[in-house]
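Examining the three-dimensional arrangement
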Amino acid sequence: MAGAEAPKPPWWLKPANKLFIRLSRLGLSFGGESPVVLTVPGRKTGTPRSTPVTPMTLDGKRYVVAGFPGADWVRNVRAAGEVTLERGRNTERVRMVELSAEEAGPVLRAFPEEVPTGVGFMKRAGLVAEGRPEEFEALAGRCAVFRFDPA
């Protein structure tokens, strides 16, 4: 199971993300889920930075879970607050609200059912051992969880 240190992203993540961004911008899905391209200004340069994310919907609200504690896109979102989401030809501007650990727990608990492809990713990253809902819930306060609100 995961230790106190944040796991490092695997070497293949950046090249894979570039491919996933291209597929998402074409409107294609992979893994049966509907990822979007999240674009946010870099916190230091202001240069737009894009990453694929897979939102989930609970009780009519959309959320996204960061797969790695301390991910660059998370730091950029915290600095910018607003982002652009793209899927195919659809573009949407949203405000991202980071949830407290208490608020994030139920969202994380639902993650394995709502984003099944994310379970294997989180297991390979060493964040969870078996992918049970309670393991994800225990990541509250460690993995950032954001809610998408209208901009």
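Residues numbered from 1 in each chain as written. Predicted model: local features only at pLDDT ≥ 70, side-chain atom pairs only at ≥ 80, totals over all residues. Heavy atoms only, no water.

The protein chain has the name Deazaflavin-dependent nitroreductase in an unreviewed UniProt entry, where Mycobacterium bohemicum is given as its organism.

**Side note on unusual backbone geometry**
The phi torsion at D59 lies on the positive side, around 50°, for a residue other than glycine. Overall, the relative accessible area of 80% leaves D59 in the exposed class. (Buried < 20%, exposed > 50% of the residue type's maximum accessible area, 1.4 Å probe, protein only.)

**Quick word on the packing of aromatic side chains**
Applying the stated criterion across every chain yields a total of two aromatic pairs. Relative to F146, the ring of W73 has its centre 6.0 Å away and its plane inclined at 45°; by these criteria the two rings are tilted. Linking W73 in helix α2 (residues 72–80) with F146 in strand β7 (residues 145–150), this pair joins segments that are 73 residues apart in sequence. Look at W73 and you get buried, because its relative accessible area is 14%. Ring centres of F111 and F136 lie 5.3 Å apart, and the angle between their planes is 40°; on these two criteria the pair is classed as tilted. You can see F111 sitting in helix α3 (residues 101–114) and its partner F136 sitting in helix α5 (residues 133–137), a full 25 residues away along the chain. Classification of F111 by relative accessible area gives buried; the value is 6%. (Phe/Tyr/Trp six-rings, centres within 6.5 Å; stacked < 30°, edge-to-face > 60°. Helix = DSSP H or I, 4+ residues; strand = E, 2+ residues; numbered from the N terminus.)

**A word on the sheet that holds strand β2 (residues 48–53)**
A sheet is described by the order of its strands in space; here seven strands give the open sequence β2-β1-β5-β6-β7-β4-β3, paired in antiparallel fashion. Strands at the two margins of the open sheet, each flanked by one partner only, are β2 and β3 (56–58). Along the sheet, successive strands turn relative to each other by an average axial angle of 40°, direction set aside. Judged from the three bridges that link them, β3 and strand β4 (residues 61–65) form a sheet pairing that is antiparallel. Within the sheet, the bridge partner assigned to T57 lies in β4 and is R62. Strand contacts of α2: β1 (36–41), β2, β4, β5 (82–87), β6 (90–98) and β7, with the helix running at about 60° to β1, the strand carrying the most contacts. (Pairing = 2+ DSSP bridges. Axes fitted to C-alpha atoms, helices over the stretch in contact; angles between N-to-C directions. Contact = heavy atoms within 4.5 Å.)

**What to know about a positive patch on the surface**
On the surface, a cluster of positive charge is made up of K14, K18, R22 and R49. Element by element, the count of residues in the positive patch is highest for helix α1 (residues 13–25), at three residues. Along the chain, the position of K18 falls in helix α1. (Patch = residues over 30% accessible without salt bridge, like charges linked within 9 Å, V, L, I, M, F, W, Y side chains within 5 Å. Areas by Shrake-Rupley, 256 points an atom, 1.4 Å probe, with all protein chains shown as cover. Salt bridge = Lys/Arg side-chain N within 4 Å of Asp/Glu carboxyl O. Lys, Arg positive; Asp, Glu negative; His and termini not counted. Charge placed at Lys NZ, Arg CZ, Asp CG, Glu CD.)

**Digging into the nonpolar core**
Core analysis: the largest hydrophobic core is formed by 39 residues, its most contacted members being L38, W73, M96 and M122. The element that contributes the greatest number of residues to this core is α3, accounting for five residues. (Core = buried A, V, L, I, M, F, W, Y, C linked by side-chain atoms within 4.5 Å.)

**Observations regarding the pairing of β1**
Judged by how many residues are buried, β1 sits mostly within the fold: five of six residues are covered. Note: β1 against β2, six bridges, orientation antiparallel. Considered in β2, the bridge of V36 is made with V53. The antiparallel hairpin formed by β1 and β2 contains six residues in its connecting segment, where G46 sits at a positive phi of about 80°. Pairing of β1 with β5, which is carried by three bridges, proceeds in the antiparallel orientation.

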